[in-house]
Structure formats: structure tokens, C-alpha cells
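What follows is the residue order along each chain.
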Amino acid sequence: MTQTSSNQAVFVRPFTTRQEAGVSDHSRAIAAAVLGAVGGAVVGYLLFTDRGRALRRELEIAIEGTTAEFNSLRSAVQQTADLATEGWKLLNDVVGEASAEPARFERARQTAPF
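The structure presented is a predicted model; accordingly, all values stated were derived computationally and were not measured.

Reading guide: rules and limits
Residues numbered from 1 in each chain as written. Predicted model: local features only at pLDDT ≥ 70, side-chain atom pairs only at ≥ 80, totals over all residues. Heavy atoms only, no water. Helix = DSSP H or I, 4+ residues; strand = E, 2+ residues; numbered from the N terminus. Buried < 20%, exposed > 50% of the residue type's maximum accessible area, 1.4 Å probe, protein only. Areas by Shrake-Rupley, 256 points an atom, 1.4 Å probe, with all protein chains shown as cover. pLDDT = per-residue confidence, 0-100. Salt bridge = Lys/Arg side-chain N within 4 Å of Asp/Glu carboxyl O. Patch = residues over 30% accessible without salt bridge, like charges linked within 9 Å, V, L, I, M, F, W, Y side chains within 5 Å. Expected span 1.5 Å × (residues − 1). Polar contact = N/O pair within 3.5 Å; in protein donor to acceptor, adjacent residues only side chain to side chain.

A count of helices and strands for the chain gives two helices and two strands. Counting from the amino terminus, helix and strand elements in the chain follow one another as β-β-α-α. The 114 residues of the chain split such that 5% are buried. Working note: accessible area of the chain is about 10100 Å², and carbon and sulfur atoms make up 61% of it.

In C-alpha cells:
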């Protein structure tokens, strides 16, 4: 907001024109086209060339190994939570509190990760 010489308030809009909005839309369209072309080139390389097929097989093996590692990690975390629950139960028994309270770490009910 600025003031004129006659002390009237004049609201000034930020400098935006249709042309600026068009440049932004134009830039987004170009970026989307470039990303689409790069993505298509990568997919074409992986599917239609011999070296791409070999790379895809290596990636599949690496992904399977990573999935197995994540499953192993999930199992270890679940075992740790089970041990913590048992520890709380034993501590409550030693202190003499009733075991009417629910377990502090309830078992997760997650199915397969994928």
C-alpha cells in the first residue's frame, strides 16, 4: 500500500502479468517434456538393449537382497519389542504389581511389507 499526494491509500498489486504466468507454464511444460523423454530413454534402454537387460537383472538381484535385509530388520525389531514386553512383565512381577495392565509393547499386526 502506498500513499498519494492527496493522502489517499492506493493498493498496489504485486507485479504479475499473464505473460509471467505463461512463462512459468511454458517452463513447466518444457521440464515435463524433458523428464518424460529422459524417463522414456531409460526405460527403452533397460527393456530393449542387451546391456540394459543385464543391468535390469543385476538391479532385480540387488532389490531382492535389499528386501530380504528389510524383512530381517523387521523381524529383529519385532523380537526386540517382544523381549521388552517380557522384561516389563518380569519387572512388574518382581515389584509385585498386578499384571492387569496391558503389555507396554503390543505385538504389531503388520502383514507382508509389499
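Taken as a whole, the chain shows an average pLDDT of 80; of its residues, 64% reach a score of 70 or greater. By mean pLDDT, strand β1 (residues 2-3) is the weakest element of the chain at 54, and helix α2 (residues 50-95) is the strongest at 93.

What follows deals with the pattern of salt bridges. Going through the model one piece at a time under the given rule, you end up with two salt bridges. Here Asp50 makes a salt bridge to Arg53, at a shortest N to O gap of 3.1 Å. In this pair, Asp50 and Arg53 both sit in helix α2, three residues apart, roughly one turn of the helix. In this structure, Lys89 and Glu86 form a salt bridge, with 3.9 Å as the shortest nitrogen-oxygen distance. Residue Lys89 and its partner Glu86 are both found in helix α2; the two are separated by three residues, about one turn of the helix.

Here we come to a nonpolar patch on the surface. Together, Ile30, Val34, Val38 and Val42 line one region of the surface with nonpolar side chains, adding up to about 330 Å² of accessible area. Of note, Ile30 is situated in helix α1 (residues 18-48). Residue classification places Ile30 among the partly exposed residues on the basis of a relative accessible area of 44%.

Here we take up α2. Over its 46 residues, α2 extends 68 Å from the first C-alpha to the last, a length consistent with the 68 Å expected when each residue adds 1.5 Å. Among all positions of α2, only Gly52, Gln78, Thr85 and Asn92 are buried. Capping of α2 at its N-terminal end is provided by Thr49; its side-chain oxygen lies 3.0 Å from the backbone amide nitrogen of Gly52. Of the residues trailing α2, Gly96 is marked for its positive phi of about 100 degrees.

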